[in-house]
Amino acid sequence: MKIKFGWLDLLIYIVFIAFALVTLVPFTLAIMVSFSAESSVALHGYKFIPEQFSLDAYKMIFQDSMVFNAYKVTIFVTVVGTFISLLFSSLLGYMMSVQKVKYRNIIAFLIFIPIVFAAGLVPWYIVVSNVLHLKNTVWALILPLAISPFNVFLLRNYYKSISPALAESAEIDGAGPWYTFYKIMIPLSKPILATVGLFASLGYWNDFTTSLWLIDDRKLFTVQFLLYRINSMIAYMSQHTNMSAVLLPSETIVFAMFLITIGPIILLYPYVQKYFVKGIMIGSVKG
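Residue indices follow the written sequence of each chain, beginning from 1 at its first position. Local features are withheld for residues below a pLDDT of 70 in this predicted model, meaning they are given only at 70 or higher, and side-chain atom pairs are given and counted only at 80 or more; totals for whole chains, interfaces and linings count all residues. Excluded from the side-chain calculation are hydrogens and water; included are all heavy atoms of the structure.

A. Seen up close, the overall build of the protein chain. Helix and strand content of the protein chain: 13 helices and zero strands. A run of H or I in DSSP counts as a helix once it spans at least four residues, and a run of E counts as a strand once it spans at least two, with each numbered from the N terminus. Mapped from its N terminus to its C terminus, the protein chain presents α and β elements in the order α-α-α-α-α-α-α-α-α-α-α-α-α. Note on exposure labels: buried denotes an accessible area under 20% of the residue type's maximum, exposed denotes more than 50%, and partly exposed covers the range between, all computed with a 1.4 Å probe on protein chains only. Counting all 287 residues of the protein chain, 36% fall into the buried class. Here, two residues are considered to be in contact whenever any of their heavy atoms come within 4.5 Å of each other. Counting only contacts in the protein chain whose residues sit at least 6 apart along the sequence, the fraction spanning at least 24 positions is 75%.

B. The packing of helix α4 (residues 65-97) against helix α7 (residues 149-161), seen in detail. Only the contacting stretch of a helix is used when fitting its axis, a line to C-alpha atoms as for every element, and angles between N-to-C directions run 0 to 180 degrees. Between α4 and α7, whose axes approach to 8 Å, the crossing angle comes to 45°. Here α4 is positioned oblique relative to α7, judged by the angle of their axes. The element α4 and its partner α7 pack so that their crossing is right-handed. Of the residues in α7, those touching α4 at S89, S90, L92, G93, Y94, M96 and S97 are V152, L155, R156, Y159 and K160. The scheme is simple: roughly parallel for angles under 35 degrees, roughly antiparallel for over 145, roughly perpendicular for 65 to 115, oblique for anything else. Handedness of a helix crossing follows the sense of rotation of the near helix relative to the far helix, less than a right angle counterclockwise being left-handed and clockwise being right-handed.

C. Main features of the environment of A30. Assignment of secondary structure puts A30 in helix α1 (residues 7-34). Given the relative accessible area of 3%, A30 is considered buried. C-alpha separation for the pair A30 and V254, spaced 224 residues apart in sequence, amounts to 9.3 Å. Beyond its immediate chain neighbours, meaning those up to four positions away, A30 contacts F255, F258 and L259.

D. Local environment of α1. Helix span, expected: 1.5 Å multiplied by one less than the number of residues in the helix. Taking 1.5 Å of rise per residue, the 28 residues of α1 would be expected to cover 40 Å, and the 40 Å separating its terminal C-alpha atoms lies within 8% of that figure. The set of residues buried in α1 consists of A30, V33 and S34.

E. View of the nonpolar core. We define a nonpolar core as any set of buried Ala, Val, Leu, Ile, Met, Phe, Trp, Tyr and Cys residues linked to one another through side-chain atoms lying within 4.5 Å. One finds I61, Y71, V77, I215, F221 and L226 to be the most contacted residues of the largest nonpolar core, which totals 33 residues. Those elements giving two or more residues to this core turn out to be α3 (56-62), α4, α10 (190-206), α12 (223-240) and α13 (250-285). If we ignore the near neighbours within four places in the chain, the residues touching I61 are V67, I253, A256, M257 and I260.

F. Layout of the packing of aromatic side chains. Pairing of aromatic side chains requires ring centres within 6.5 Å, counting the rings of Phe and Tyr and the six-membered ring of Trp. Pairs whose planes differ by under 30 degrees are stacked, by over 60 edge-to-face, and all others tilted. Across all of its chains, the model carries eleven aromatic pairs by this definition. With 5.3 Å between their ring centres and 80° between their planes, Y46 and F255 make a pair best called edge-to-face. In this pair, Y46 is assigned in the loop between α2 (38-44) and α3 and F255 in helix α13, connecting sequence segments 209 residues apart. Seen from their ring centres, Y94 and Y159 are 5.6 Å apart, and the 80° between their planes marks the pair as edge-to-face. Taken together, the residues span a long stretch of sequence, with Y94 in helix α4 and Y159 in helix α7 at a distance of 65 residues. Site record: aromatic cluster; members linked through ring pairs are F35, F53 and Y58.

G. Quick look at the confidence of the model for the protein chain. Each residue carries a pLDDT score, the predictor's confidence in it, ranging from 0 to 100. Residues with a pLDDT of 70 or more make up 86% of the protein chain, whose mean pLDDT is 80. At the low end of the mean pLDDT range in the protein chain sits α13, at 68; at the high end sits α4, at 89. A low-confidence stretch, residues 243-247 stays under pLDDT 50, and its non-local contacts, those more than four residues away or across chains, total five contacts.

H. Spatial organisation of a nonpolar patch on the surface. Here, patches come from residues exposed beyond 30% relative accessible area and free of salt bridges, joined within 9 Å for like charges and within 5 Å for nonpolar side chains (Val, Leu, Ile, Met, Phe, Trp, Tyr). The protein chains shown are the only cover counted for residues, whose accessible areas, like all others here, come from Shrake-Rupley with a 1.4 Å probe. A pair is scored as a salt bridge if a Lys or Arg side-chain nitrogen falls within 4 Å of a carboxyl oxygen belonging to Asp or Glu. There is a patch of nonpolar side chains on the surface, built from Y103, I106, F109, L110, F112, I113, I115, V116 and F117 and spanning about 960 Å² of accessible area. In this structure, I113 sits in helix α5 (residues 104-116). The partly exposed category is assigned to I113, whose relative accessible area is 31%.

I. Molecular detail of unusual backbone geometry. One non-glycine residue, Y103, lies in positive phi territory at about 60°. Mapping Y103 onto the fold places it in the loop between α4 and α5. Owing to a relative accessible area of 59%, Y103 belongs among the exposed residues under this scheme. Positive phi outside glycine occurs at N136, with the angle close to 60°. Mapped onto the elements, N136 comes out in the loop between α6 (121-131) and α7. Note on N136: relative accessible area 32%, which makes it partly exposed.

J. Just the packing of α5 against α7, in detail. Taken N-terminus to C-terminus, the directions of α5 and α7 make an angle of 135°; their axes are 9 Å apart at the nearest point. On the basis of the axis angle, α5 is oblique to α7. Of the two elements, α5 crosses α7, and the hand of that crossing is left-handed. Residues A108, I111, F112, P114 and I115 of α5 form the contact with α7, whose participating residues are P149, F150, V152, F153 and R156. Residues are grouped as follows: nonpolar covers Ala, Val, Leu, Ile, Met, Phe, Trp, Tyr, Cys and Pro; charged covers Asp, Glu, Lys and Arg; every other residue, Gly included, is treated as polar. Taken together, the residues that form the contact of α5 with α7 break down as nine nonpolar, no polar and one charged.

This is the structure:
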C-alpha cells in the first residue's frame, strides 16, 4: 500500500518538530550549564558546549546530607501520597458511578464545589494546622493533596463507561461490593489509574508550597522546597555580600538542582505513557 504524504502532512510534522525543539533545546541547555564551571558561565554566558567542564555544582549539592534526606522525604511522600490518592479517589469515583447508591448526586455536587469555589489559603491553613494538627509532620505533605475533585470525576466517568452487567453478574454469583471493586473494576481500570497516578505523583513531587506554609523542621524538607531554599539563599547572598560569583556557583547549582529534582519523574513517565492518552480520553469524554 502506498502512503500518501501531502503538504498538510509536512506542515503538521514541521509544527510538531518545532514544538519538540522548543521543549528539548532549553532542557539540553540546562544540562550543559549544570556541567559548566561557574567562572565560564559568568564570562561567556550559557552555551550548549561548555567552555570549561566542571562538577563543582554537583559536588556542592551532594556534600550535604540534607539533599539525600530531602530525597527520602520526597520519595516517601510521593509513593504514599499517590497510593492514598488512588485509593480514595477510585473509591469515591466508583461509588458515584453506581446507579443504586443513594445521594450519589449530592455527594458529586459537594465534591464539585471546590473546583468552582475555593475557601482560600487562611481557612485551609487553620484547618490543617489548628484543627487537624498536621503542621511539622510528614502527613501535612500528604493528606491535604490526597483527593483532587478533577481526578475523582475522571475516575467516575471511566467507571460509568464499564458495562454494569459485569458488576451485576458478580453480585448474582455472591460477590460483595468490595470484591467486585477489587477483582473486576480495578483490573479493568489500569489506563485511568495510571493517568490519575501520574497526575497525583507529579503533584506530590513538584509541590513546595505546602512545605513553605506548614514545615519548619529541616528533616521534613522536600527536594523541591530545598531547591527553593537554595535559590533564595543564593539570591540573598549575591545581593547582600561581596562574595564573588566565581566562589559561589550560583548559576550552575540552580540548573544542577533542577536536573536532580526532575530525574525520577522523567524515568517514571515512559512506563505510564502508554496508558495516559487512553485513560484521559475515556475518563473525560464519557459520563
